[in-house]
Amino acid sequence: MIRLPERFRAFFNNRWLVFVGAMWIQSCAGIGYLFGSISPVIKSSLNYNQRQLARLGVAKDIGDSIGFWIGSLCEIVPLWAVLLIGALQNLIGYGWVWLIITHRVPTLPLWANIYASAIQQSIGAKVPLIKFQMDELVVLLGPTFPLGLIMNQCNFETFDNVFWSQPCDLCALLSTAICVLLDFKMCILIFVGTNGETYFNTVDLVSCVQNFPKSRGPVVGILKGFSGLSGAILTQIYTLIHSPDHASLVFMVAVGPAMVVFGLMLLVRPVGGHRQVRPTDGLSFTFIYGVCLLLAAYLMGVMLLEDLVDLSHTVVTIFTAVLFVLVLIPIVIPVSLNFSSEPKAPEAEALLTEPQKEDPGKSGQDTPEVIFSELEDEKPKEVDLLPASERQKRIAQLQTKLFQAAAEGAVRVKRRRGPRRGEDFTLMQALIKADFWLIFFSLLLGSGSGLTVIDNLGQMSQSLGYDNTHIFVSMISIWNFLGRIGGGYFSEMIVRDYAYPRPVSMAAAQVIMAFGHFFFAMGWPGAMYIGTLLIGLGYGAHWAIVPAAASELFGLKNFGALYNFLTLANPAGSLVLSGVIASSIYDREAEKQAHHHPQQQQNTGSIFSGMLGLDDPPKCEAVFLSMILVRRTKIVYANLYGKSRT
């Protein structure tokens, strides 16, 4: 009989508890997905135009994707410290943004705000700039500030204790520089706040992939799925708060994720998952998948009801309480596994069968098999497709022949330098491999075209005559979630049941997205709904497939650094396809149609259709790159998974 303290110790070290804790962190870690909801608050509070908001969006995308140093950081400091750094970045970045937009701290020094207001508001007539008493200005600016000189130089006047101004060249010059400074400051804050999300993603994925080395697809898909769904979860919580101050959403984004991470940061870490393999793992993953599908369907129904029906606050409270229950319910898995049955001792857990010890992606450098460069040339391709025992026998025969030839001086034997695919690579070793760049550019073209749709979804729906544009934003969040769940599930079936390369599922996801772009380009009735479905599913699948494939081809040891480098493809694709190509097409077509004012509103939809029609060639190129990767990695996946089927 195991004592209660030992049960709690085993419960704390249970890999399923770590997985559930990572799910909870991910359910509030998708901060970037809420930018579309908080950007109107920033725009109205700081009098931003659309171009300035676009720059903040780019800062958000960069902060959401750049974190290649975090993988190296995970090897130096404890993982709880990495989570702590991310939580502090989130709290400071978005907390400062909240203080600025609520005017609790000055955006810039007061003299800079006066100058900036001159260029933004002084257009041909005197307009009010700021309402401060003269003595308040002296206190704020300091007694040595040359207030009178600046008022005379910049045509400031006072009337009824309100400053007024007319435009002047000095104001225009200085205000332009100050506006750039203001934009830069806000971009830095948005970058810092959103970059905290990359710390959460890295720690959660590194911990859980190491804890579940035999179930990488489902684990990555579920975790990335909850990250994509976090926007809808946080929006529902904000609906419950029902604050008339829309800036409180920014406050919730700053404080909410940080509090969750503070509570769970000691829980999420590797606990030796390969020693905890259970026959019930399949049933547990099935339960998690069921909860995910139920959660997605529930959120979809709740969002539609709240949009179509004016619900009371009591009903919204009940809906939110049910949402919390659905998010918390996976905890029953570690509880039932630990307290309803006798936990195994560590010695018993280590007694695994031989096939269980052979984890895909685990470094093969510890095995006694020696591979020479000449052996790779002499080895027939069909040898890699043989069962493990037969393969070792054939390789041993070839090695014997090579040793004899080397002894006779017929060949010069050299050891192969660097790891092989399927072993542990460092980031620098991976960067010189063609397979790594095939993954990167395929992801760049695939995710970039998806982000082009996501970033312009509101404007697209407006141009096609839809009034409730946020419906499509919420819908694509749900489809994105299901795409990540489905991408991990089906790609795992492909590699487990058929030993076929996982990137083939990425090619399938890109074909689905190509059909979505086609529907958007046609502009048929109802195409927005079908296009949103296909784009969301395909885009989400990328983020379940790519991390799992990278861990299989380049190992788990430096997975954090490899994953964070691959995520750079996301902002790069958005910059090229959305920020350069799509925006240039839109501006050019809009300029052409500017002379046809009666048709301008109608033709806006055709502009977006043309933009998205041009996204099909990059999608086809992404499919082509993925299929090249499939061809190159067939033998690797046959070695990793084929022997488990024989």
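Residues numbered from 1 in each chain as written. Predicted model: local features only at pLDDT ≥ 70, side-chain atom pairs only at ≥ 80, totals over all residues. Heavy atoms only, no water.

Participant: Outline the overall build of the chain, supporting the account with residue identities and numerical values.
Facilitator: Scanning the chain for helices and strands turns up 30 helices and three strands. Considering the chain as a whole, with its 646 residues, one finds that 52% of them fall into the buried category. Sequence separation of at least 24 residues holds for 83% of the intrachain contacts in the chain that already meet a minimum separation of 6. A total accessible area of about 29,800 Å² is found for the chain, and carbon and sulfur atoms account for 64% of it. (Helix = DSSP H or I, 4+ residues; strand = E, 2+ residues; numbered from the N terminus. Buried < 20%, exposed > 50% of the residue type's maximum accessible area, 1.4 Å probe, protein only. Contact = heavy atoms within 4.5 Å. Areas by Shrake-Rupley, 256 points an atom, 1.4 Å probe, with all protein chains shown as cover.)

Participant: Kindly report on the side chain of Asn 558, identifying the contributing residues and their values.
Facilitator: Looking at the element boundaries, Asn 558 is found in the loop between helix 25 (527-554) and helix 26 (559-566). Note on Asn 558: relative accessible area 12%, which makes it buried. Only 2.9 Å separates the side chain of Asn 558 from the backbone oxygen of Phe 425, close enough to count as a polar contact. Residues in contact with Asn 558, not counting those within four places in the same chain, are Glu 75, Phe 425 and Thr 426. (Polar contact = N/O pair within 3.5 Å; in protein donor to acceptor, adjacent residues only side chain to side chain.)

Participant: Account for the nonpolar core, naming residues and giving values.
Facilitator: Core analysis: the largest hydrophobic core is formed by 95 residues, its most contacted members being Phe 19, Ile 42, Leu 56, Met 186 and Ile 222. For Phe 19, the residues in contact, after removing those within four places along its chain, are Cys 208, Phe 212, Val 219, Ile 222, Leu 223 and Phe 285. Counting 46 residues, the second-largest nonpolar core is a separate cluster that includes Ile 439, Ile 476, Met 513 and Phe 554. (Core = buried A, V, L, I, M, F, W, Y, C linked by side-chain atoms within 4.5 Å.)

Participant: Please give an account of a nonpolar patch on the surface that cites residues and values.
Facilitator: On the surface, a nonpolar cluster with roughly 350 Å² of combined accessible area is contributed by Leu 4, Phe 8, Val 335 and Phe 339. The set of elements that each furnish at least two residues to the nonpolar patch consists of helix 1 (4-12) and helix 15 (332-339). Mapped onto the secondary structure, Phe 8 falls in helix 1. In this structure Phe 8 comes out as partly exposed when scored by relative accessible area, which is 46%. (Patch = residues over 30% accessible without salt bridge, like charges linked within 9 Å, V, L, I, M, F, W, Y side chains within 5 Å. Salt bridge = Lys/Arg side-chain N within 4 Å of Asp/Glu carboxyl O.)

Participant: Break down the packing of aromatic side chains for me, with residues and values.
Facilitator: Counted by the stated rule, this structure contains 23 aromatic pairs. Aromatic pair Phe 436 and Phe 565: ring centres 5.8 Å apart, planes at 35°, arrangement tilted. Taken as a pair, Phe 436 in helix 21 (residues 434-455) and Phe 565 in helix 26 lie far apart in primary sequence, 129 residues in all. Comparing Phe 436 with Phe 565, the two get one shared label, buried. Arranged with centres 5.5 Å apart and planes meeting at 75°, the rings of Trp 437 and Phe 440 form a pair that is edge-to-face. Of this pair, Trp 437 and Phe 440 both sit in helix 21, three residues apart, roughly one helical turn. The class for Phe 440 is buried, based on a relative accessible area of 9%. Taken together, the ring pairs in this structure connect Phe 425, Phe 436, Trp 437, Phe 440, Phe 441, Phe 554 and Phe 565 into an aromatic cluster. Taking the ring centre of Phe 12 as reference, the NZ or CZ of Arg 269 above it sits at 4.3 Å. (Phe/Tyr/Trp six-rings, centres within 6.5 Å; stacked < 30°, edge-to-face > 60°. Lys NZ or Arg CZ within 6 Å of the ring centre and 35° of its normal.)

Participant: Quick rundown of the packing of helix 21 against helix 25? Include the residues and the values.
Facilitator: At their nearest, the axes of helix 21 and helix 25 sit 10 Å apart, and the two run at 160° to each other. Judged on the interaxial angle alone, helix 25 and helix 21 are roughly antiparallel. Two packed elements cross with a definite hand, and for helix 21 against helix 25 that hand is left-handed. Within the contact between the two elements, helix 21 uses Asp 435, Phe 436, Ile 439, Leu 443, Gly 446, Ser 447, Gly 450, Leu 451, Val 453 and Ile 454 and helix 25 uses Ile 535, Tyr 539, His 542, Trp 543, Val 546, Leu 553 and Phe 554. A class-by-class count of the residues in the contact of helix 21 with helix 25 yields 12 nonpolar, four polar and one charged. (Axes fitted to C-alpha atoms, helices over the stretch in contact; angles between N-to-C directions. Parallel < 35°, antiparallel > 145°, perpendicular 65-115°, else oblique. Left-handed = near helix turned anticlockwise from the far one by under 90°. Nonpolar A, V, L, I, M, F, W, Y, C, P; charged D, E, K, R; others polar.)

Participant: I'd like a description of the environment of Ile 329, backed by residues and values.
Facilitator: Mapped onto the elements of the fold, Ile 329 is located in the loop between helix 14 (313-328) and helix 15. We classify Ile 329 as partly exposed; its relative accessible area is 31%. Put simply, Ile 329 and Val 20 are 309 residues apart on the chain and 9.4 Å apart in space, counted from C-alpha to C-alpha. Dropping the residues within four chain positions of it, Ile 329 is found in contact with Phe 287 and Val 291.

Participant: Residues and numbers for helix 15, please.
Facilitator: Turning to helix 15, its buried residues number three or more, namely Ile 333, Pro 334 and Asn 338. Projected down its long axis, helix 15 shows its buried positions confined to an angular sector of 110°, all on one face. On its buried face, helix 15 sits against helix 1, helix 2 (15-26) and helix 13 (281-308). (Arc of directions from axis to C-beta.)

Participant: Please provide a residue-by-residue account of helix 14, values included.
Facilitator: Look at helix 14: 23 Å from first C-alpha to last across 16 residues, which is about the 22 Å you get at 1.5 Å a residue. Among all positions of helix 14, only Val 316, Phe 319, Thr 320, Leu 323, Leu 326 and Val 327 are buried. Down the axis, helix 14 shows its buried residues gathered within 115° of arc, on one side only. Among the exposed residues of helix 14, those oriented more than 90 degrees off its buried face are Thr 314 and Val 325. Considering only its buried residues, helix 14 is in contact with helix 2, helix 11 (216-241) and helix 13. (Expected span 1.5 Å × (residues − 1).)

Participant: Mind laying out the pattern of salt bridges, listing which residues take part and the relevant values?
Facilitator: By the definition in use, this model includes seven salt bridges. Asp 281 is the salt-bridge partner of Arg 15, the closest N and O atoms lying 2.3 Å from each other. Here the residue Arg 15 occupies a position in helix 2, and Asp 281 occupies one in helix 13, the gap between them amounting to 266 residues. Taking relative accessible area as the criterion, Arg 15 reaches 3% and is therefore assigned buried. Two residues, Arg 421 and Asp 435, come together in a salt bridge whose shortest N-O distance is 2.7 Å. With Arg 421 in the loop between helix 19 (388-407) and helix 20 (427-430) and Asp 435 in helix 21, this pair connects stretches of sequence that are 14 residues apart. A residue is classified by how much of its surface remains accessible, and Arg 421, at 33% relative accessible area, is partly exposed. By relative accessible area, Asp 435 is classed as buried at 3%.

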